[in-house]
Structure formats: structure tokens, C-alpha cells
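Chain and residue survey
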Amino acid sequence: MEVLKLMVEGQSNPEIAGVLYLSPNTVKTHVRSILNKFGVDNRVQAVVFALRRGLV
């Protein structure tokens, strides 16, 4: 959820990594997992999906 919230704010993977004290590769893995769970192809679609369903 923390990664998703930062995605909604428009932050990039390196920015998210800095905020959450994670490696960029870890963030990339989390983003990929979110895309797969939501069944979407990109970050924009994931953000729209999350906002429409009130997840963030």
C-alpha cells in the first residue's frame, strides 16, 4: 500500500526507494506485483484502478 500511495503521488521508482529506504530493484518488484494483481499494463492504469476503487 505504501508503494501504491507513492505511485498515486506520481513518484518514480528511485524516489519511492528513497522515501521507503528500499533498493530500486525492490520497488520495481513491488510495482510489478501491483500491476499483476490489478491486471493492468502500466503505472497509469494501476493508479486509475486504485483511485476508482477507493484503495488510496
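Provided above is the structure to which this section pertains.
Definitions and limits used
- Residues numbered from 1 in each chain as written.
- Predicted model: local features only at pLDDT ≥ 70, side-chain atom pairs only at ≥ 80, totals over all residues.
- Heavy atoms only, no water.
- Core = buried A, V, L, I, M, F, W, Y, C linked by side-chain atoms within 4.5 Å.
- Buried < 20%, exposed > 50% of the residue type's maximum accessible area, 1.4 Å probe, protein only.
- Helix = DSSP H or I, 4+ residues; strand = E, 2+ residues; numbered from the N terminus.
- Contact = heavy atoms within 4.5 Å.
- Polar contact = N/O pair within 3.5 Å; in protein donor to acceptor, adjacent residues only side chain to side chain.
- Arc of directions from axis to C-beta.
- Expected span 1.5 Å × (residues − 1).

1. Concerning the nonpolar core
If you look at the biggest cluster of nonpolar residues, it comprises 15 residues, and the most contacted ones within it are Val3, Met7, Ile16, Val31, Ile34, Phe38 and Ala46. Secondary structure elements with two or more residues in this core: helix H1 (2-8), helix H2 (13-20), helix H3 (24-38) and helix H4 (43-52). With five residues, H3 is the largest single contributor of residues to this core. Ignoring anything within four residues of it in the chain, the contact list for Val31 reads Val3, Met7, Asn13 and Arg43.

2. Here's the deal with the side chain of Gln11
The topology assignment puts Gln11 in the loop between H1 and H2. Classification of Gln11 as buried rests on a relative accessible area of 18%. Side-chain polar atoms of Gln11 contact the side chain of Glu9, separated by 3.3 Å.

3. Some thoughts on H2
Residues Asn13, Ile16 and Ala17 constitute the buried set of H2. The buried residues of H2 occupy one face: seen down the axis, they fall within an arc of 100°. Each element contacted by the buried residues of H2 is listed here: H1, H3 and H4. Looking one or two places after H2, you find Tyr21, whose phi comes out positive at around 55°.

4. Things to note about the environment of Arg32
Summarising the element assignment, Arg32 is placed in helix H3. Looking at Arg32, the relative accessible area reads 43%, which means it is partly exposed. For the pair Arg32 and Arg43, spaced 11 residues apart in sequence, the C-alpha to C-alpha distance is 9.1 Å.

5. Concerning H3
Under the 1.5 Å per step criterion, the end-to-end length of H3 is 21 Å for 15 residues, consistent within 8% with the ideal 21 Å. Buried within H3 we find Val27, Val31, Ile34, Leu35 and Phe38. Viewed along the axis of H3, the buried residues span an arc of 100°, placing them on a single side of the element. Across from the buried face of H3, at angles greater than 90 degrees, the exposed residues are Asn25, Asn36 and Lys37. A positive phi of about 70° marks Gly39, the residue just after H3.

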